[in-house]
Structure formats: structure tokens, C-alpha cells
Amino acid sequence: MKRWLSGAVLMALAASAVAETPLQWSDDEVKAIARHGPWPPPPPRDPSNRVAGSPDAVALGEHLFNEPRLSADGTMSCATCHVAGRDWGDGRAKAMGRAELDRRTPSLWNVGYAHWFGWDGAGDSLWSQSIRPILDPREMAGDAAHVARLLREDKALACGYERAFGDRPGGDDEKLLVDTAKALAAFQATLVSPRTPFDAFRDAVAAGDREAAARYPLAAQRGLKIFIDAKCSACHFGPRFTNGEFGDVGIPFFTRPGEVDAGRLDGLAKLASSTFNLLGKHNDDPSGATALRTRHVQRLHSNFGEFRVPSLRQAASGPHMHNGHLATLEDVVRHYSEVNPDRLHSDAIPLVRPLALTPQQSSDLVAFLRSLSADSPPRAAPSPLCP
Ligand code: HEC
Ligand code: HEC
């Protein structure tokens, strides 16, 4: 070793040596990478919603999504909190309705592929989840009568309704509220996130194309190796990087002194008591298969403090977690690096343990997580209903 080389120069040499060595992937790693694609998946299906996938329902749903008159005082629409240019979230740690809520507005990208909805799984369909904000007094504070009147009296909406549902907006108010939510769901199911640098790499690895794979930055490749070794995909599974279920990764769940957000434990109680769940009369699926999950789910004490595993796609910007507790991806990686296992409520073998990452490993893992996001083209304003 030449003594006149300073520490900094040695480190720079070491870093450039790393940068020139392409990573090797074992067969098991190649399989693990391939399981996170291909992207995009086939369009989602929802037999519980008879207008899912219908272009007329999608068009009506997009109008309703941007319609402030759905709220009691005409000031708030779905798009107030779920902003297209902010990955269908609002960039706030906690959502702001008529007052600040306890939870963060989740992104709506890829929401059509989920099977539980909300951070606590209180919804079992995209349409029932879309009713909640309309009725919640802290959000749009509407009611079925208000929504039904709007559909019946507004010419464009009534016409859009007739095209989507094949009938003038009639029937009782509750049915029109549910149909409103089903059109909203049909629209939201079309929100599929763009392909990312990771997807190009994944396809190249799956096809054995080393040249194309080499275009993916090495830092992201090293971060992906850490993601695989640390078994992050036990929860952040498959093409969406979520298994759609719930977990506790040690995020504090106090909402204010002495009050907690019990997460899934409360969500399951709300699900069971909802007249809009899939066991109820508004489910359009004659086979009953869509209701099986809801029928068999059990409420366990270990559900306390569990929140739904978020997708990692388009999650680069933050804030993160159900309550916006962590501002940046760097903070998230620090959390997983230093997490105290005693804080976790899991009864089973803990899936989360402190990773004790070096600064280099931390920035590599962040580089990988960033590679799961891409710019999406700006959205054109919806064309008028029934011009
Ligand atoms: C005041 C802000 C606000 C408004 C307005 C709002 N949302 Fe949300 N949305 C949220 C928050 C916060 C959550 C998380 C709720 C929870 O976990 O309890 C959420 C959750 C959701 C989810 C579940 C997403 C998932 O990944 O599980 C859907 C779907 C949704 N909203 C659709 C809508 C629709 C449709 C409207 C309009 C009818 C709407 N939202 C209006 C803040 C808002
Ligand atoms: C036990 C299941 C589980 C494992 C294992 C796990 N996560 Fe998570 N992850 C979650 C849950 C649950 C949340 C949301 C927690 C909350 O909101 O309180 C989350 C949130 C995140 C978020 C924030 C997403 C957002 O924008 O809100 C990122 C990023 C993340 N995890 C990355 C990782 C990485 C990297 C690993 C591996 C080191 C990992 N996770 C391992 C369950 C898990």
C-alpha cells in the first residue's frame, strides 16, 4: 500500500472499482427479481361492481371524482386530496379535510388491484371505500339524499349515469349513492402507474439480456440485493411490491396523548358492521366468490397497530407511512436500519429486524427504492359528459 495515498483517495478508488464490476445474480435472485413484474399487469377485474371496466362508467366516475358538489357545502371533491400531479395523494403527512385527519392520504395508483382498502382495511371493495369520504363528517360530509339529488337534477350527470347504468338515475337514495361509488371505482381502477427503470431492468434480467440490464445504475442494483437479502418482499411482494395485507413495522401509533390508532383491529370491526361490505345486498357478484375473504377474515388481538403494507411504486416523494411519520425515503431506510424489535407487536417470527446498514448500503437501498418511480405524463382534463 502506497503510504502517500490519503484515505479519501483510497475510498474514491474503492468506489470506482465497485462501479466497474457488474453485479452477479444467482438463479434464486433472478427468480426473486422476476417475481416483481411484469409491469403493467393485466387490467383489474371486479365482479362485485357491475360497471367495472365499462368506458361509460369510467367517464362518469372521472367527472364525479372531480365534482365538489358531491360534498355538503360544495367545496371538496375527491381530487382535493387525491391530486393527479401528486401521484394521487396530497403530499401532506396527514390529510386535511374540514379538520386534520389522523392518517395520510394514500396514493390511488394501482388501487384497482387491492383487496383490502384504507390503511386499516375497513373497506373490502373499491366502491365501498369510495363511499366513506362522501359520508365522513370530517371530509365531504355528504349523505345519500344529497348525492341522489345531484345525480337526478344535474343534466350532464344524469345523462352520464344513464349511459353507464342503462337507466335514468332512479331508485332509492342509497342505491344511487352506491352507484356513484361504483362509477368512482370504475374510474380509479384505470389508474395504473407508469413503467419505471426497475421494470426495464427486471425484464432484461428475466430475458437474460446482460447489455440491457447493465443500463440500470449499479447503486440501484446493490440496493436491490439488500432488498432481496433483507426479505423486504415478504410483505412488499410481487409486481406491486405489496401483498395487500397488514403488518407492524414499529411506526408509533399514538394520534395524540393518550389516544392510539389501533389500525386493523378497528378496521375489521368497521368492516363487519358496514352495510356496504361484500356480504351485503350491494355486491353485484352472483357467485358470492368475492365475499369469501370478508366472510372468513378473523379479528385477532395481534391486529392491533397493524397497517396495510403500502405499494412501493411511485412512493419516492413522501411523506411515508400511514401517518406521514417519516418524511423521506432516507428516513424510511434509517428506520428499517435501526428499528427496535421490542416495539413490534407481531406474535409470529418477526419479519422486521434492525438491518444496521452502512451509509453506503443505506444510499444504495434508497437508490433502488427511487427506481420504482417514474414521471407520469400530465393528465388531460376529462372531455364533457354527453356533449
Ligand atoms: C380530506 C381528504 C380526502 C378526500 C376528500 C378523499 N379522500 Fe380518499 N383517502 C383519504 C385518506 C386520509 C385515506 C386513508 C383512509 C383510512 O385509512 O382510513 C383515503 C383512502 C382512500 C382510498 C383507499 C386507498 C387504498 O389504497 O386503500 C380510496 C380508494 C379513496 N380514498 C378514494 C377516495 C374517493 C373516491 C374520494 C371522493 C369520493 C376520496 N377518496 C376523497 C383522504 C381523502
Ligand atoms: C412485516 C412486513 C414488512 C416488511 C418485512 C417490510 N415492510 Fe416496509 N412496510 C410495511 C408496512 C406495514 C408499512 C406501512 C407502515 C405504516 O404505515 O405504519 C411499510 C412501509 C414501507 C415504506 C413506505 C411506503 C410509503 O410511501 O408509505 C417503504 C419505503 C418500505 N416499507 C420499505 C421496506 C423495505 C426497504 C423493507 C426491507 C428492509 C421493508 N419495507 C420490509 C411492511 C413491511
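The shown structure was predicted, so the numbers you read here are calculated from the model rather than taken from an experiment.

A. Fine view of the domain arrangement of the chain. Each assigned domain of the chain is listed with its residue range as follows: domain 1 (23-40 + 195-253 + 304-370) and domain 2 (55-188). Between domain 1 and domain 2, the C-alpha centre-to-centre distance is 31 Å. Each side of the interface is counted separately: domain 1 has 20 residues, and domain 2 has 19 residues. Surface buried jointly by domain 1 and domain 2 totals about 1500 Å² across both partners, of which 53% is contributed by carbon and sulfur atoms. Between domain 1 and domain 2 we count zero salt bridges in total. Along the contact surface separating domain 1 from domain 2 lie nine residue pairs in polar contact (both at pLDDT 80 or more). Residues belonging to the side of domain 1 that touches domain 2 are distributed by class as follows: six nonpolar, nine polar and five charged.

B. Quick peek at the coordination of the iron atom of ligand 1. Coordination of the iron atom of ligand 1 by the protein comes from a single atom, His82 (NE2), at 2.2 Å. Residue position: His82 is located in the loop between helix 4 (78-81) and helix 5 (126-135).

C. Focus on the environment of Arg379. Looking at the secondary structure, you find Arg379 in the segment after helix 15 (359-370). Residue class for Arg379 comes out partly exposed when judged on its relative accessible area of 43%. Ignoring anything within four residues of it in the chain, the contact list for Arg379 reads Glu62, Ala84, Trp88, Phe187 and Leu191. A polar contact is formed between the side chain of Arg379 and the side chain of Glu62, at a distance of 3.5 Å.

D. Structural detail: the site of ligand 1. In the vicinity of ligand 1 lie 29 residues, with Cys78, Cys81, His82, Gly118 and Arg308 positioned nearest. Within the backbone of Trp119, one N or O atom sits 2.7 Å away from an oxygen atom of ligand 1. A distance of 2.7 Å separates an oxygen atom of ligand 1 from a polar atom in the side chain of Arg308. Sorting the residues of the shell around ligand 1 by element identifies helix 4, helix 5 and helix 8 (173-188) as the ones contributing at least two each. For the shell around ligand 1, the leading source of residues is helix 5, giving six residues.

E. Summary view of the coordination of the iron atom of ligand 2. Bound to the iron atom of ligand 2 on the protein side are His236 (NE2) and Tyr336 (OH), at distances that span 1.9 to 2.1 Å. Here the iron atom of ligand 2 is ringed by six donor atoms whose angles at the metal span 88 to 179 degrees, and the overall shape comes out octahedral. Of this pair, His236 sits in the loop between helix 11 (218-229) and strand 1 (246-247) while Tyr336 is found in helix 14 (residues 329-338), placing the two residues 100 residues apart along the sequence. Look at His236 and you get buried, because its relative accessible area is 9%.

F. Broad picture of the packing of helix 6 (residues 144-153) against helix 8. Put simply, helix 6 and helix 8 touch, their axes get as near as 8 Å, and they point 75 degrees apart. Between helix 6 and helix 8, the angle falls in the class roughly perpendicular. Taken together, the residues of helix 8 that come into contact with helix 6 (itself represented by Ala144, Ala145, Val147, Ala148, Leu151 and Arg152) are Asp173, Glu174, Leu176, Leu177 and Thr180. For the contact of helix 6 with helix 8, a count of residues per class yields seven nonpolar, one polar and three charged.

Criteria and thresholds
- Residues numbered from 1 in each chain as written.
- Chains lettered and ligands numbered in written order.
- Predicted model: local features only at pLDDT ≥ 70, side-chain atom pairs only at ≥ 80, totals over all residues.
- Heavy atoms only, no water.
- Domains from an automatic or database assignment.
- Contact = heavy atoms within 4.5 Å.
- Buried area = accessible area lost by both parts, 1.4 Å probe.
- Salt bridge = Lys/Arg side-chain N within 4 Å of Asp/Glu carboxyl O.
- Polar contact = N/O pair within 3.5 Å; in protein donor to acceptor, adjacent residues only side chain to side chain.
- Nonpolar A, V, L, I, M, F, W, Y, C, P; charged D, E, K, R; others polar.
- Donors = N, O, S within 2.8 Å, 3.2 Å for Na, K, Ca; no water.
- Helix = DSSP H or I, 4+ residues; strand = E, 2+ residues; numbered from the N terminus.
- Buried < 20%, exposed > 50% of the residue type's maximum accessible area, 1.4 Å probe, protein only.
- Near = heavy atom within 4 Å.
- Tetrahedral: all angles 85-135°; square planar, octahedral: opposite > 155°, others 65-115°.
- Axes fitted to C-alpha atoms, helices over the stretch in contact; angles between N-to-C directions.
- Parallel < 35°, antiparallel > 145°, perpendicular 65-115°, else oblique.

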